[in-house]
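Topology and contacts: notes
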Amino acid sequence: MTCNEFKNKMLDYLSTDNRPQEFEEHLAHCSDCSAEFEQLQHLFQTLKPKVKVCASDNFTINTIQKINKKKEDQKMKKRVPFYFKVAIFLILLATSMFLVFFNTNSTQQVSATPVNQILTESIAKILQSQSMRIDMEIRTMPQDNFELIGTEYNFVKHCIKVEFSNPKKWFIEKPMRRILCDGKNQYLDMKMMDFVIKGDVNAGFVEWLKIFLTPDKILEIEQEHSATNKSDYVVTETKKQLILTVSAKAQGDFTNDYLKNSSVTESDNKRVFCFDKNTNQLQSFKLYIIENGKEILVMKTTKIRYDEKFDAKTFDVQIFGNKVIKDVKDLEVKPDEALKTKTPEEIARYFFEACAKSDWEKVVKVLPGLDTHIKELFGGIELIEIGKSFQSGEYPGYFVPYTIKFKSGDIKKFNLAVRNDNRYQMWMIDGF
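Each chain has its residues counted from 1, following the order in which its sequence is written. Restriction of local features to residues with pLDDT of at least 70 applies here, the model being predicted, together with a cutoff of 80 or more for giving and counting side-chain atom pairs; totals for whole chains, interfaces and linings are based on all residues. Excluding hydrogens and water, the side-chain figures rest on all heavy atoms present in the structure.

Describing the overall build of the protein
Applied cut-off: Helical segments are the DSSP runs of H or I of at least four residues, strand segments are the runs of E of at least two, and each set is numbered from the N terminus. The cut-offs for exposure are 20% and 50% of the maximum accessible area for each residue type, with area from a 1.4 Å probe on protein chains only; residues under the lower value are buried, those over the upper are exposed, and the others partly exposed. The criterion used for residue contact is that any of the two residues' heavy atoms lie within 4.5 Å. Every accessible area reported is derived by Shrake-Rupley at a probe size of 1.4 Å, with residue values counting cover from the shown protein chains alone.
Counting secondary structure elements, the protein contains 11 helices and 16 strands. Counting only residues that meet the buried cut, the protein has 43% of its 432 residues in that class. The contacts in the protein between residues at least 6 apart in sequence include a share of 56% that link residues at least 24 apart. When the accessible surface of the protein is summed, it comes to about 24100 Å², and 49% of that surface belongs to carbon and sulfur atoms.

Structure (structure tokens):
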């Protein structure tokens, strides 16, 4: 066997040990071809999928026929270079290996569908839609951030509205918190605060829920999550739906499990996306937290509508009425060397003791978002105890246990969130 003959056969025997004797003899005696074959094997192993791909029996035949037909149409006179063949092989592998379909109506497996095909069709359908509205229920607290979930909470209604304009506009709302993006900036409005916080279009006022703002890219996003966080995903097929199921482990350090199961990424969870088989549009979604071996539903869509006509004010700052709008940059903590070197426990004590004396000039140094509501809530409190700080999950700061008594006589035991990952590395209060 010559070197050219060997190279033309390499792809045929790449993933099998059952090779002809003349192939094995050339592999053993030609160092150049052996090194090239070993390199290709290593690349193949790197790209092999974590899930088994079950293509139809005629998938390879059809693919080769298409390639051959294209070559004939173009009347190629030159021999196709070996590395071009390798490129074709790897492209076919990469585009077909991600999605595996199982027929839920029978025990037969059906052919794999390249992820790029689904994404292309889905994007095309989404671009035909002018808008989308998602109504969903999430186990959370009405006043807390949009990332908070928990099995102990009641279901709270949420609404997501998206206008696929250029630039894209969107709105996310629950009873005591809402976020508006008018295409230029994001605005965070909390009912308990007397002002609205303004950030740029990429402000992190909402994190994981943003996946629903680009439903055409859900498969792509989950694929990236799978590679980064080692989650597993499978796509099953029914007569009418494609169902993407993602199983993921909690991310973060849970030496202290305070934040375990408090957000999507910080929980062992299962995510189920259902797409219409004909349109590839998202039809429904459910999220389960895996706790003590049980699947507990914590997030579910109740209705998804496309091309809904929204009121002209839906994506306008007029919805905030007379509330003052403050830029998030103006709410940054200011440098203060005396506070910069303190421990999390010392910052917690500083904060509560300042609140006890209603010394708001001191409070604002660690809580620049100070408003009337916070003054009314914490003014005149009595600090009873400060505990030892700890870290948990993916949170970049610390939690400091505390016990305080309000003016009403009520006792509160909770954890104060403090962090110093800003540009000044100054401590700030991040949650009560």
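Section: the pairing of strand 4 (residues 177-181)
Put simply, the test is: Whether two strands pair comes down to DSSP finding at least two bridges between them.
Most of strand 4 is tucked away, with 4 of its 5 residues classed as buried. Looking at chain direction, strand 3 (residues 169-174) and strand 4 are connected through 5 bridges and run antiparallel. Note that in strand 4 the partner of Lys 174 across the bridge is Arg 177. Hairpin connection between strand 3 and strand 4: a loop of 2 residues separates the two successive antiparallel strands. Bridging between strand 4 and strand 5 (residues 185-190) involves 5 bridges; their strand directions are antiparallel.

Here we look at the packing of aromatic side chains
Quick note on the threshold: In this scheme Phe, Tyr and Trp rings, the latter by its six-membered ring, pair at centre separations within 6.5 Å, and the angle between planes marks the pair as stacked below 30 degrees, edge-to-face above 60, and tilted otherwise. Two conditions define a charge located above a ring, namely a distance within 6 Å from the ring centre to NZ of Lys or CZ of Arg, and an angle within 35 degrees of the ring normal.
Here the structure, examined in full by the defined rule, presents 19 aromatic pairs. Three or more aromatic residues link up through ring pairs in this structure, and these residues are Phe 351, Phe 352, Phe 378, Tyr 402, Phe 406 and Phe 432. The ring centre of Phe 155 lies 4.8 Å from the NZ or CZ of Lys 300, which sits over that ring.

What to know about the sheet that holds strand 16 (residues 428-431)
Keep this limit in mind: Convention adopted: a line fitted to C-alpha atoms gives each axis, helices being fitted over their contacting stretch, and angles between N-to-C directions are expressed from 0 to 180 degrees.
With respect to topology, 4 strands assemble into an open sheet ordered 13-14-15-16, the strand pairing being antiparallel. Looking at the sheet topology across the chains shown, the edges are occupied by strand 13 (382-386) and strand 16. When strand polarity is set aside, the average angle formed by the axes of neighbouring strands in this sheet is 45 degrees. Here strand 15 (residues 411-419) runs beside strand 16; their pairing, made up of 3 bridges, is antiparallel. Of the residues in strand 16, the one forming a bridge with Ala 417 is Gly 431. Of the strands in this sheet, strand 13, strand 14 (398-405), strand 15 and strand 16 touch helix 9 (residues 344-356), which is tilted by about 170 degrees from strand 13.

Regarding the environment of Ile 411
For Ile 411, the location among the structural elements is in strand 15. Along the primary structure Ile 411 and Leu 383 are separated by 28 residues, whereas in three dimensions their C-alpha atoms are 10.0 Å apart. The residues contacting Ile 411, other than those within four sequence positions of it, are Ile 384, Thr 403, Ile 404 and Lys 405.

What to know about helix 9
To keep things clear, this is the line we draw: How far a helix is expected to stretch is found by multiplying one less than its residue total by 1.5 Å.
For helix 9, built from 13 residues, the straight-helix expectation of 18 Å at 1.5 Å per residue is met to within 8% by its first-to-last C-alpha distance of 18 Å. Among all positions of helix 9, only Pro 344, Ile 347, Ala 348, Tyr 350, Phe 351, Phe 352, Ala 354 and Cys 355 are buried. Following helix 9 by one or two positions, Ser 358 has its phi on the positive side, about 55 degrees.

Quick word on the pattern of salt bridges
How we decide: Take a side-chain nitrogen of Lys or Arg and a carboxyl oxygen of Asp or Glu: if they are within 4 Å of each other, that pair is a salt bridge.
All chains considered together, the criterion is met by 15 salt bridges. With a closest N to O distance of 3.6 Å, Arg 133 and Glu 308 form a salt bridge. Note that Arg 133 is positioned in strand 1 (residues 131-139) and Glu 308 in the loop between strand 11 (294-306) and strand 12 (324-327), a separation of 175 residues in sequence. Judged by its relative accessible area of 21%, Glu 308 is partly exposed.

Re the pairing of strand 7 (residues 232-237)
Bridging between strand 7 and strand 8 (residues 241-248) involves 6 bridges; their strand directions are antiparallel. The residue bridging Thr 236 from the neighbouring strand is Ile 243, located in strand 8. Hairpin connection between strand 7 and strand 8: a loop of 3 residues separates the two successive antiparallel strands.

Digging into the sheet that holds strand 3
Strand order in the open sheet made by the 12 strands is 7-8-9-10-11-1-2-3-4-5-6-12, with mixed pairing throughout. Only two strands of the sheet have a single neighbouring strand rather than two, namely strand 7 and strand 12. Strand-to-strand, the axes of this sheet are offset by a mean angle of 15 degrees, without reference to chain direction. With 4 bridges joining them, strand 6 (residues 195-200) and strand 12 adopt parallel strand pairing. Counterpart to Val 196 in the pairing with strand 12 is Ile 325.

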